[in-house]
Amino acid sequence: MTKETARYILITGAAGTGTTTLADALAKDLSATHLEADDFLWLPSNPPYLHLADKTQRGERLLHEMRSHDRAVVAGSVMGWGQPLESEFDLVVFLYLPVELRLERLERREVKRFGQAKPEFLAWAAQYDEGGVPGRSLARHQEWLSALTCTVLKLEGDMSVTDRVRQIRDAVDGLKHAPSVM
């Protein structure tokens, strides 16, 4: 990845699609910095994820952090609060997995992190495809992706991290200045 092709990449999708795992692997592969959108969305707390940061400040803080690095791979969703930095992304990678697989992954992750998976969190994650509650949903994500001016790469289905990194590297190598959906 060169400065001319891609400085900033966003890996986004529903909870449980592997955005963090992929962003970590891609950042290592590209010698870039890995940033987590949740670290800017939420205020530090114990337990975590109790208090949202100010909507304007979180986008500005993430943008400042991105710009402090030559290259960065951001994991997570900035939809609805990341307007100050949306135009900075050279590539947005959207991950999609079927709900059953996402919920299975989320439950394992939550048990590993917190000793249990909160039923209300799993219920929120389960509704992503239908979009029955405020926040992230497939329809909202698709609408947001269609409005971006950078290249969008959609990776659907369960594939290895290595295969995903390879597809992203191919997309980075082929980036042109005109936006597109791959």
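Residues numbered from 1 in each chain as written. Predicted model: local features only at pLDDT ≥ 70, side-chain atom pairs only at ≥ 80, totals over all residues. Heavy atoms only, no water.

K.L.:
I'd like to hear about unusual backbone geometry, residue by residue, with values.
P.N.:
The step from Asn46 to Pro47 runs through a cis peptide bond, and the omega angle for that step is 5°. Even without a glycine there, the phi angle at Ser31 is positive, about 55°. You can see Ser31 is positioned in the loop between α1 (19–30) and β2 (33–36). On the accessibility criterion, Ser31 (61% relative accessible area) is exposed. (Helix = DSSP H or I, 4+ residues; strand = E, 2+ residues; numbered from the N terminus. Buried < 20%, exposed > 50% of the residue type's maximum accessible area, 1.4 Å probe, protein only.)

K.L.:
Before we move on, can you summarise helix α7 (residues 138–147) with the specific residues and values?
P.N.:
Every buried residue of α7 is accounted for by Leu138, His141, Trp144 and Leu145. In a view along the axis of α7, the buried residues occupy a sector of 130°, so they form one face of it. Counted as exposed and oriented over 90 degrees from the buried face of α7: Ala139, Glu143, Ser146 and Ala147. Buried-residue contacts for α7 involve β1 (8–13), α4 (83–86), β4 (91–96) and β5 (151–156). (Arc of directions from axis to C-beta. Contact = heavy atoms within 4.5 Å.)

K.L.:
Tell me about the packing of aromatic side chains, and please be specific about residues and values.
P.N.:
The full count for this structure, using the stated rule, is 3 aromatic pairs. Ring centres of Tyr49 and Phe114 lie 6.5 Å apart, and the angle between their planes is 85°; on these two criteria the pair is classed as edge-to-face. Taken together, the residues span a long stretch of sequence, with Tyr49 in the loop between α2 (38–41) and α3 (55–67) and Phe114 in helix α5 (residues 99–114) at a distance of 65 residues. The structure contains a cluster of three or more aromatic residues connected by ring pairs, namely Trp42, Tyr49 and Phe114. (Phe/Tyr/Trp six-rings, centres within 6.5 Å; stacked < 30°, edge-to-face > 60°.)

K.L.:
Could you give an account of the nonpolar core, naming the residues involved and the relevant values?
P.N.:
Judged by nonpolar contacts, the single largest core of 27 residues is most densely connected at Leu62, Met66, Val74, Val78, Phe89, Val92 and Trp144. Contributions of two or more residues to this core are made by β1, α2, α3, β3 (72–75), β4 and α7. Excluding its chain neighbours within four sequence positions, the residues that come into contact with Val78 are Leu10, Ala37, Leu62, Leu85, Glu86, Phe89 and Trp144. One finds Ala6, Ala23, Leu95 and Leu155 within the second-largest nonpolar core, a separate group that totals 21 residues. (Core = buried A, V, L, I, M, F, W, Y, C linked by side-chain atoms within 4.5 Å.)

K.L.:
Go over the environment of Leu26, please, and point to the residues and values.
P.N.:
Here Leu26 is to be found in helix α1. On a C-alpha basis, the gap between Leu26 and Ser87 in space is 21 Å, while along the polypeptide they are 61 residues apart. In this view, Leu26 contacts Ile9, Ile11, Val73, Val165 and Ile168; residues no more than four positions away in its chain are not counted.

K.L.:
Outline the environment of Tyr96, supporting the account with residue identities and numerical values.
P.N.:
By the secondary structure assignment, Tyr96 is in strand β4. A C-alpha to C-alpha distance of 9.3 Å links Tyr96 and Gly16, two positions 80 residues apart in sequence. In this structure, Tyr96 is in contact with Thr17, Asp129, Leu138, Leu155, Glu156 and Gly157, ignoring residues within four places of it in sequence.

K.L.:
Can you break down the packing of α1 against helix α8 (residues 161–173) residue by residue, with the values?
P.N.:
Viewed as axis vectors pointing N to C, α1 and α8 meet at an angle of 55°, and their least axial separation amounts to 10 Å. Between α1 and α8, the interaxial angle falls into the category oblique. Crossing of α1 over α8 shows right-handed handedness. Between α1 and α8, the residues in contact are Thr21, Leu22, Ala25, Leu26, Asp29 and Leu30 and Val161, Arg164, Val165, Ile168 and Arg169, respectively. (Axes fitted to C-alpha atoms, helices over the stretch in contact; angles between N-to-C directions. Parallel < 35°, antiparallel > 145°, perpendicular 65-115°, else oblique. Left-handed = near helix turned anticlockwise from the far one by under 90°.)

K.L.:
Break down the side chain of Arg136 for me, with residues and values.
P.N.:
Assignment of secondary structure puts Arg136 in the loop between α6 (119–126) and α7. Of the buried charged residues, Arg136 lacks a salt bridge, with Asp38 as the closest side chain of opposite charge at 5.5 Å. For Arg136, the side chain forms a polar contact with the main-chain oxygen of Gly13, separated by 2.7 Å. (Lys, Arg positive; Asp, Glu negative; His and termini not counted. Salt bridge = Lys/Arg side-chain N within 4 Å of Asp/Glu carboxyl O. Polar contact = N/O pair within 3.5 Å; in protein donor to acceptor, adjacent residues only side chain to side chain.)

K.L.:
For the sheet that holds β1, give the residues involved together with the corresponding values.
P.N.:
Strand order in the open sheet formed by 5 strands is β2-β3-β1-β4-β5, and the pairing between neighbours is parallel. At either margin of the open sheet sits one strand with a lone partner, and together these are β2 and β5. Sheet twist, expressed as the average angle between the axes of neighbouring strands with direction ignored, equals 20°. Bridge count between β4 and β5: 6 bridges; the pairing is parallel. Paired with Leu95 across the bridge in β5 is Leu155. Helix-sheet contacts for α7 involve β1, β4 and β5, and the interaxial angle to β4 is about 160°. The strands that α8 touches are β1, β4 and β5; relative to β5, the one it contacts most, it runs at about 160°. (Pairing = 2+ DSSP bridges.)

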